[in-house]
Amino acid sequence: MTVLANEQVIDGKGWRSGATVEKRKLTQWFLRITDYADALIDGLKTLDRWPEKVRTMQENWIGRSKGLKFTFKFDGEAPDGHAAGLDVYTTRPDTLFGASFVGIAPEHPLAEQLAVENPEVQAFIAECRRGGTSEADIEGAEKLGRDTGLRVVHPLDPTRILPVWIANFILMDYGTGAIFACPAHDQRDLDFARKYDLPVLPVVLPPGEDPAAFTIGKEAYVGPGLIYNSQALDGLDIEAAKTETVSRIEALGQGEGATVYRLRDWGVSRQRYWGCPIPVIHCEVCGPLPVPEDQLPVVLPDDVTFDPDKPGNPLVRHPTWKHTTCPGCGGKAERETDTLDTFVDSSWYFARFTDPTADAPIDKTAADHWMPVDQYIGGVEHAVLHLLYARFITRALKDEGLLSVEEPFAGLFTQGMVTHEAYKNAGGEWVEPADVVISVEGNSRSAIHATTGEPITIGDIEKMSKSKKNVVAPEDIFEAYGVDAARLFVMSDSPPERDVQWTNSGVEGSWRFTHRVWNEFDSQPAGPFTHDDADAAALVLRKGVHRLIGFVTDSIEGFRFNSGVARLYEFLNMLKAAPAEGASQGVLAARAEALEILARLISPFTPHLAEEAWARLGKAGMVVDAAWPKADPALAADDERVLPIQINGKRRGEIRVKAGLAEAQVEKIALADAAVMAHLEGLTVRKVIVVKDRIVNIVAN
RNA sequence: GGGGACAUGGCGGAAUGGUAGACGCGCCGGACUUAAAAUCCGUUGGAGCAAUCCGUGUGGGUUCGAGUCCCACUGUCCCUACCA
């Protein structure tokens, strides 16, 4: 803990709606995830079995940017405590000569210091804070600013003096909370400059523009070009000018190239009962101390009360739990009553799971054997929180010698959600699907309420949620169709990374499939039967089922369950075409073989049916314990191919040839085909492209 | 504003650069039934009697061949956001 945590004191400033939050000293515990920012970005490259999307989201979330951190010296007397100057950060050092003012965040210490002496500044800062951080209206939010009266000196041109403004669009949390503004090449700076009539000086000339004529209107120019109006930087491209500016500032000793991250340290303190206690004891004499190891884990009390009239953490109100003795001086002390963010727990549970009975939190031998997790499956909503925290904690645990891997999850699959249409009545209230009757007329659908008959509006297809009542109770589905049919439908309807639209007619299709499958098992007489590969119908069936094994196996391993299910449907149709009734010995033998394989292939999709079918075949044990079937390569192989013949890219016929037939032979057969010859009449064959076992294309004119 | 993904019949969706629409749903037709439900069989991208033609959001390009690759555009969804 001491390795990972630091301490910050928040004194109530920065809280919104301060009226409801009691002003008090809080000890907030943070985990220093920012120490791992580089490692977490660089490690993404090794996660080749993660979706590109999630890796991009994490990279953006960490938000590494390279730039320049430097100091503006004040012109004239510096404010108290700011003799060194004002630190700013930029990713566009190349535009330094386009600077027309310096901006600081309303929460910047300098701004707050000025507010103490100046009521107008104080009022302005208060106004900024009021003007919602409420995300939605940030888009159109008006730029607000106030000149502080302070002036700073341009570091590369001491003759230029820039005003310092407090501006509401500058974030205290990012960089240094202060910027230099270059309105010509930054839209926010431009909006601000236009409003307060500040200079706009372009320093990047777009290709093909005349330097004498180029001006900035309402849009900042952020594209490529050559630097001008910038003294020694003139003529350089943007990248070269960045490098040059950084080295000039560094030579002056006024700053240096710096990497800044959007990622913040992870505040893990929660004022809640439900979470692991933060193992710290506060002593008035010794300060905060970690709970000694032999007293771990700190266990939550069982007898807390949740009083709706007293919001907040019940641990604070518990009569005895927090009182303890200081591990340092032995005096009276209090336990930390904050608990850990539950994301802390989900950041290492997988390591614990490798030996859940071990005395230590993680048994390293077991963890070394099982970690990393081969395949992790979850919703994409965890892309930047859980999945980033788990990567961070895993690296931290490795650095502590508790794990050997850096990355917890070798493979990641993000599955979709089950969705359903949402319905509203005339009064605008949400209505459950169970209460809605849909009628279809041609291509249009309409809905009425099942009991009242009032018209219902059919809304969008959305993720099932209680608030919109677009949920179908699983119990009702299981009752009507059984769990197997429900499971099969969810797996067969859409690829698993995509959302599944729940439809009753869809699940009925799956339900029918389970019945048809059972009919095939039920109608099969007891054996034994003798294989007869001379029996054409029997051979077709045997080839079919041995090819099916490969299809289904591949579809499961490749997360293409819907395609696998489609192949099972296909094969069932083949099986139905060779019914047991009146079948030959050969067909009965082939059917018996097919059913035995089929029971195992359907077990991941319809496990209960598979067990029932397995028992019906008289097999011992459970199908779930049976080995996955292996295809006989001789039977699975395709010995004949139907090749389409294209003429100038259009399909004009097909030929049936042996698999693997030499190209010259195929060409000969193709050119001799009657349909092909008819189409070639009057044309000269220029070229014949034969793709072995796939297609023939004849180029002719 | 930034980033990403996607776009295929009435619907969900198939398709290592090689027969577009597998499989399912729905619709339509038929069998069974006194009738209905269930079940079974069959048809089903569009136009056309047919040969055939046209078809994967729009416009270009690469290729013998493009749903698939490249460029531009349009639309939808997701993430993120005054991040300097």
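This is a predicted model, so every value here is computed, not measured. (Residues numbered from 1 in each chain as written. Chains lettered and ligands numbered in written order. Predicted model: local features only at pLDDT ≥ 70, side-chain atom pairs only at ≥ 80, totals over all residues. Heavy atoms only, no water.)

Turning our eyes to something else, we now look at the overall build of chain A. Helix and strand content of chain A: 20 helices and 30 strands. Radius of gyration (C-alpha) of chain A: 36 Å, far over the 27 Å computed for a compact globule of 701 residues. On the principal axes, the C-alpha backbone points of chain A span a range of 105 × 85 × 65 Å. Counting only residues that meet the buried cut, chain A has 42% of its 701 residues in that class. (Helix = DSSP H or I, 4+ residues; strand = E, 2+ residues; numbered from the N terminus. Rg over C-alpha atoms; globule rule 2.2 N^0.38 Å. Buried < 20%, exposed > 50% of the residue type's maximum accessible area, 1.4 Å probe, protein only.)

Within the fold, K73 resides in strand β3 (residues 64-74). Look at K73 and you get partly exposed, because its relative accessible area is 43%. In this structure, the C-alpha to C-alpha distance between K73 and V152, residues 79 residues apart in sequence, is 5.6 Å. Once you skip the residues sitting within four places of it in the chain, K73 turns out to touch A84, G85, V152, V153 and Q254. (Contact = heavy atoms within 4.5 Å.)

This part is about the packing of helix α13 (residues 504-522) against helix α16 (residues 585-602). Orientation of α13 relative to α16, taken along the N-to-C sense of each, is 140°, at an axis distance of 10 Å. Judged by the twist between their axes, the crossing of α13 over α16 is left-handed. The residues of α16 that touch α13, namely those facing V517, E520 and F521, are R591, L595, L598, A599 and I602. (Axes fitted to C-alpha atoms, helices over the stretch in contact; angles between N-to-C directions. Left-handed = near helix turned anticlockwise from the far one by under 90°.)

So, about the packing of aromatic side chains. Inspection of every chain in the model, using the stated rule, returns 21 aromatic pairs. Ring centres of F350 and F409 lie 4.9 Å apart, and the angle between their planes is 70°; this geometry places the pair in the edge-to-face category. Of the two residues, F350 is situated in helix α9 (residues 349-352) and F409 in the loop between α11 (386-399) and β20 (412-414); the sequence distance between them amounts to 59 residues. In this pair, the class of F350 matches that of F409, namely buried. On the numbers, 4.4 Å between centres and 45° between planes, the contact of F513 with Y569 is tilted. Of this pair, F513 sits in helix α13 while Y569 sits in helix α15 (residues 561-576), and the two are 56 residues apart along the sequence. Taking relative accessible area as the criterion, F513 reaches 2% and is therefore assigned buried. The exposure class of Y569 is partly exposed, given its relative accessible area of 25%. Among the aromatic side chains, those forming a connected cluster through ring pairs are Y36, W266, F343, Y389 and F392. (Phe/Tyr/Trp six-rings, centres within 6.5 Å; stacked < 30°, edge-to-face > 60°.)

With that out of the way, let us pick up the protein's contact with RNA strand B. Around RNA strand B, 50 residues are found, and the nearest of them are T91, K143, Y174, R188 and N697. A breakdown of the atoms of RNA strand B within 4 Å of the protein gives sugar and phosphate a share of 62%. N573 is positioned such that a nitrogen or oxygen atom in its side chain is 3.5 Å from a phosphate oxygen of RNA strand B. Between K650 and RNA strand B, the recorded distance is 3.0 Å, taken from a side-chain N or O atom to a phosphate oxygen. (Near = heavy atom within 4 Å. Polar contact = N/O pair within 3.5 Å; in protein donor to acceptor, adjacent residues only side chain to side chain.)

Examined against the element boundaries, D535 turns out to sit in the loop between α13 and α14 (536-557). Buried and without a salt bridge, D535 has R542 as its closest oppositely charged side chain, separated by 11 Å. Here the side chain of D535 touches A537 through a polar contact of 3.2 Å, landing on its backbone nitrogen. Among residues more than four places away in sequence, those in contact with D535 are S584, G586 and V587. (Lys, Arg positive; Asp, Glu negative; His and termini not counted. Salt bridge = Lys/Arg side-chain N within 4 Å of Asp/Glu carboxyl O.)

If you trace the four strands from one edge of the open sheet to the other, you get β15-β14-β17-β16, paired in antiparallel fashion. The open sheet has two edge strands, β15 (287-290) and β16 (323-325), and neither has a second partner. Each strand of the sheet is rotated relative to its neighbour by a mean of 40°, with strand direction disregarded. In this sheet, β15 lies alongside strand β14 (residues 280-283) in antiparallel orientation, the contact comprising four bridges. Paired with V280 across the bridge in β15 is P290. (Pairing = 2+ DSSP bridges.)

Turning to the sheet that holds strand β30 (residues 695-700), a few remarks are in order. Spatially, four strands are ordered β28-β27-β30-β29 in an open sheet, and the strand pairing comes out mixed. In this open sheet, the two edge strands, each paired with only one partner strand, are β28 (650-658) and β29 (685-691). Sheet twist, expressed as the average angle between the axes of neighbouring strands with direction ignored, equals 20°. Where strand β27 (residues 640-647) lies against β28, eight bridges are found, and the strand directions are antiparallel.

Here we take up unusual backbone geometry. Residues L296 and P297 are joined by a peptide bond in cis, for which omega reads -5°. Its place among the elements puts P297 in the loop between β15 and α7 (314-317). Cis geometry is adopted by the peptide bond preceding P372, which originates at M371 and carries an omega value of 0°. Among the structural elements, P372 can be located in the loop between α10 (364-370) and β19 (376-378).

This model, assessed by the stated rule, comprises 24 salt bridges. Salt-bridge contacts for D35 lead to R32; the nearest nitrogen and oxygen are separated by 4.0 Å. Across the salt bridge formed by R248 and E244, the nearest N and O atoms sit 2.7 Å from each other. Here E244 and R248 lie together in helix α6 (residues 238-252), a separation of four residues that amounts to about one turn. Shared partners join several salt bridges into a network, and the residues in it are R391, R395, K398, E406 and E407.

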